[in-house]
Amino acid sequence: MKPRNTLTIVLLWFCVLAQTRDTWCDNGTLTLNDSSSFWRPAKPIGQDLPADQYYPRGRLFPFSGFAGVPERDRPVGYSLLGPVYVEPAAFLASATEAGVRVIYPIGIGKEELAASETNPLSDAEIRTRIQQQVAGVRANDSIAWWYLVPEELRYWREHEINYLKVAAEAIRQADPKDRPIWIYEPNHRTAESLAITGKYVDIIGKGAYTNFAGQTNSRVWIRWSMEQQTDAIEALGGNQTPILVPEMFQDPQPQDRGRIADWVRHDVVLGLIHGAKGVVVYSLFNRPQLENSFDDYYDAYAGIARELLQNRKLGEVILFGEARSDLVIEQVTGPENVLITPQQAKVEANSLTETEQQEQARISYPAISTRELAFGNKRYLFVCNSSDDQSVELSVTGFPPGSTLVTEAFSFNFLHPRIRGAELHDAVPPLGVRCYVFSEFSPIGQ
C-alpha cells in the first residue's frame, strides 16, 4: 500500500533504521525506541547551595592557584586564587578590586610553632591570636576558604596537633560565615595520616606533584594520591571535601617540555575521576625554576579551568552529577595495567623508607579510569588513559540503541567518536582524556 503522506514515510524510515544495527554515522544513531530508563533525569543534587559561592559552601567549582595575580588571571578563567605566602592583606585587596575570590591564610609562623615544642603556646594564646586575624578580614566576602598555616603539620608531634585543633576551633568561632578550612599536606602522606589531621579541617588536599615525586612516566600516581584522601575522608565519616593539588613549580627535562599540556590535562581529569571536588595549582608564581616552561604550564591549566568553569561547565557535573553505572566500558586494545614507580627521591619533608618503596613497587592500577555521571537530562562519561606510551581502544555499550547522540566535551565541537549501532568505539591516546556526552535525540522533535 502506498504511504499517504510525508510523515508516514519518515516514520517508516526511522523504524527500519532503528532495527538495523549496522547503520551508523558520525553524528550518532537514530531510533524511535526511547523506552529505556537510561534517560530518567538526574536527581537535583545541591540545589539548596547558593550559586555565587564556592563548593562546599556553594555550587561554584573551585579551581585556584597559589600566589596568583588577580588582574592577570581573572581574564583567562580564574575567579578563585590563592593562598599566598606574603602580604595576604594586599593580595586580598587586589583580588577584591578585580572581582576574584581568595583562599586566605591564617595562623602563626613555622619557626614559632617549632619553638613552642619546648616552650608551648597556651591554648588561650593560640585562640586569641587566630581570632584576631580572622576578625580583621572576616567581613570581606571575597574570602572563600581559610588556609591554616604553617603547612605540613607533623601528626606525630603532640604540640602541632594541638595547635591544629585549637586554631581550627578558633577560626570557626570567629567566622560567622562558617567558611571551610584547609591545611596543606605533603606528597607522601597516606590515608592513615591524613585521617589524623583531617578530622580538624573541612578540606583535605595533599600535594600531588607527579614529576617532583619521581612519577613523570607513572602519572597514575595521581590516582594513588586521590585515594589516600578519599579513603581518609571515608574513615572520618565522609564530611570533608577532597581536592587535587597538582604541580607547576619546576621545568621538566628539555625533551619533555612538549608534553606539558598532556600532563596537565591528564592529571587534572584523573584527579576528578577519582574524587577531587576542586583544584588548587601549586603554583601560579613565575619563579626562576619555571624559566622555560611557565607559559606552557600556565596556558594548560588555564585551558582546563575554562573547560570546567565556563565552556561546558564540566566542574558542575563533577560536583553535582548523579553516579550511574548503565554504560559498559570494555578495553579492546592497549595495556590493561600500569605501575607506580617506587619513589627514590626525597619527597618534601621525608624520604620513603625502603619498606615503603617496596610496597609502592607493587602498586598497579588499570590503565583506564572512568566515571559515569547523570546531570540534568544528559549522561557524561569521563575517561582517562594513564598509559604513558600506548593508546587504548575502547568499546562503550549500554546506551539506548538509536536514540543517542554522542559528543566529546573536551574538544568543544561536534567531532564525534565513531558509533556503530548501539556501540561506541574510540581510541584514547597515551595520557589522553575524554568526556563523552550522551544526549537523547528525538527524530520527530519534542
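Residues numbered from 1 in each chain as written. Predicted model: local features only at pLDDT ≥ 70, side-chain atom pairs only at ≥ 80, totals over all residues. Heavy atoms only, no water.

## Some details on the pairing of strand 20 (residues 433-440)
For the record, the criterion: For every residue, the accessible area obtained with a 1.4 Å probe (protein chains only) is divided by the maximum for its type, and the residue is called buried under 20%, exposed over 50%, and partly exposed between those limits. Helix numbers and strand numbers start at the N terminus; a helix is a DSSP run of H or I with at least 4 residues, a strand a run of E with at least 2. In this analysis, strands are considered paired if DSSP registers two or more bridges between them.
Where burial is concerned, most of strand 20 is hidden: 7 out of the 8 residues are buried. For strand 15 (residues 378-385) and strand 20, the ladder comprises 6 bridges, and the chain directions are antiparallel. When the bridges of strand 20 are listed, Cys 384 appears paired with Val 433. Here 5 bridges tie strand 17 (residues 404-408) to strand 20, and the two strands are oriented antiparallel to one another. Note that in strand 20 the partner of Glu 408 across the bridge is Tyr 436.

## Observations regarding empty space enclosed by the protein
Put simply, the rule is: Buriedness for pockets is judged along seven lines, at least five of which must meet protein on both sides within 12 Å for an open set on the 1 Å grid over protein atoms alone, while cavities are sets there where a 1.4 Å probe fits but cannot get out, and lining residues have an atom within 4 Å of a point. Grid points are joined across faces, edges and corners, and a volume is the space filled by probe spheres set on the points. Ten residues, namely Ala, Val, Leu, Ile, Met, Phe, Trp, Tyr, Cys and Pro, are considered nonpolar, four, namely Asp, Glu, Lys and Arg, are considered charged, and the remaining ones, Gly among them, are considered polar.
Evaluated as defined, the whole model comprises 4 cavities of 30 Å³ or more. For the largest cavity, the calculated volume is near 60 Å³. Around the largest cavity, the lining residues are Thr 210, Asn 211, Arg 219, Glu 247, Trp 263, Val 264, Asp 267, Tyr 297 and Tyr 301. Contributions of two or more residues to the lining of the largest cavity are made by helix 9 (260-273) and helix 10 (294-311). Among the elements that line the lining of the largest cavity, the one with the most residues is helix 9, at 3 residues. Taken together, the residues of the lining of the largest cavity break down into 4 nonpolar, 2 polar and 3 charged.

## Quick look at the packing of aromatic side chains
Counted only if it meets this: Aromatic pairs are defined between Phe, Tyr and Trp rings, using the six-membered ring for Trp, whenever the two ring centres lie within 6.5 Å; interplanar angles under 30 degrees are classed as stacked, those over 60 as edge-to-face, and all others as tilted.
What the rule picks out here adds up to 21 aromatic pairs. Here Phe 66 and Trp 182 contribute two aromatic rings whose centre-to-centre distance is 6.0 Å and whose plane-to-plane angle is 70°, an arrangement assigned as edge-to-face. Here the residue Phe 66 occupies a position in the loop between strand 1 (63-65) and helix 2 (70-73), and Trp 182 occupies one in strand 5 (residues 181-185), the gap between them amounting to 116 residues. Overall, the relative accessible area of 0% leaves Trp 182 in the buried class.

## Considering the nonpolar core
Let me state the cut-off plainly: As used here, the term nonpolar core means buried Ala, Val, Leu, Ile, Met, Phe, Trp, Tyr and Cys residues forming a set that is joined through side-chain atoms within 4.5 Å.
Phe 63, Val 268 and Phe 382 are the most contacted members of the largest nonpolar core, which has 95 residues in total. By residue number, the principal contributor to this core is helix 10, which donates 10 residues. The next biggest cluster of nonpolar side chains, apart from the first, holds 17 residues, and it includes Leu 80, Trp 145, Tyr 147 and Phe 249.

## A short note on unusual backbone geometry
Between Tyr 55 and Pro 56 the backbone carries a cis peptide bond, its omega angle lying at 10°. Residue Pro 83 follows Gly 82 across a cis peptide bond; omega there is 5°. By the element assignment, Pro 83 lies in the loop between strand 2 (80-81) and helix 3 (88-98). Unlike most non-glycine residues, Lys 313 shows phi in positive territory, near 50°. Here Lys 313 is to be found in the loop between helix 10 and helix 11 (314-320). Here Lys 313 falls in the partly exposed class, since its relative accessible area comes to 47%. Despite not being glycine, Leu 431 shows a phi value in the positive range, around 60°. By secondary structure assignment, the location of Leu 431 is in the loop between strand 19 (423-428) and strand 20.

## Things to note about helix 3
In plain terms, the rule: The directions considered for the arc are those from the helix axis to the C-beta atoms. Residue contacts are counted whenever heavy atoms from the two residues lie within 4.5 Å of one another.
The complete set of buried residues in helix 3 reads Phe 91, Leu 92 and Ala 95. The arc enclosing the buried residues of helix 3, seen along the axis, measures out at 100°, which places them on a common side. Packing partners of the buried residues in helix 3 comprise helix 2, strand 2, strand 3 (101-107), helix 5 (123-137) and strand 4 (143-149). Just past helix 3, the residue Gly 99 takes up positive phi, approximately 75°.

## Looking at the environment of Gly 334
Turning to its location among the elements, Gly 334 is positioned in the loop between strand 11 (328-333) and strand 12 (337-339). What makes Gly 334 partly exposed here is its relative accessible area of 36%. Excluding anything up to four places from it in sequence, Gly 334 contacts Ser 391 and Val 392.

## Considerations on a nonpolar patch on the surface
Inclusion rule: Like-charged residues within 9 Å of one another, or nonpolar side chains (Val, Leu, Ile, Met, Phe, Trp, Tyr) within 5 Å, are grouped into patches, provided each residue has over 30% relative accessible area and no salt bridge. Note on areas: Shrake-Rupley, 1.4 Å probe, and residue coverage restricted to the protein chains presented here. Should a side-chain nitrogen of Lys or Arg be within 4 Å of a carboxyl oxygen of Asp or Glu, the pair is scored as a salt bridge.
Together, Tyr 155, Trp 156 and Ile 196 make up a nonpolar patch on the protein surface, roughly 270 Å² of accessible area in all. Within the secondary structure, Trp 156 is located in the loop between strand 4 and helix 6 (158-174).

## Some thoughts on the packing of helix 5 against helix 6
A pair of packed helices is characterised by two quantities: the angle between their axes and the separation of those axes. Test applied: Working convention: axes come from line fits to C-alpha atoms, limited for helices to the stretch in contact. Angles between N-to-C directions cover 0 to 180 degrees. Should an angle lie under 35 degrees it is considered roughly parallel, over 145 roughly antiparallel, and from 65 to 115 roughly perpendicular; all remaining angles are considered oblique. Left-handed describes a crossing in which the near helix is turned anticlockwise from the far one by less than a right angle; the clockwise case is right-handed.
Viewed as axis vectors pointing N to C, helix 5 and helix 6 meet at an angle of 40°, and their least axial separation amounts to 8 Å. The pairing of helix 5 with helix 6 is recorded here as oblique in orientation. For the crossing formed where helix 5 meets helix 6, the hand is right-handed. Residues Asp 123, Ile 126, Arg 127, Ile 130, Gln 131 and Val 134 of helix 5 form the contact with helix 6, whose participating residues are Asn 162, Tyr 163, Val 166, Ala 167, Glu 169, Ala 170, Ile 171, Gln 173 and Ala 174. Along the lines of polarity and charge, the residues of the contact of helix 5 with helix 6 split into 9 nonpolar, 3 polar and 3 charged.

## Remarks on the packing of helix 8 (residues 221-235) against helix 9
At a minimum axis separation of 9 Å, helix 8 and helix 9 run at an interaxial angle of 35°. For the pair helix 8 and helix 9, the crossing hand works out as right-handed. Packed against helix 8, whose contacting residues are Ile 222, Arg 223 and Met 226, the element helix 9 presents Asp 267, Leu 270 and Gly 271 at the interface. Taken together, the residues of the contact of helix 8 with helix 9 sort by class into 3 nonpolar, 1 polar and 2 charged.

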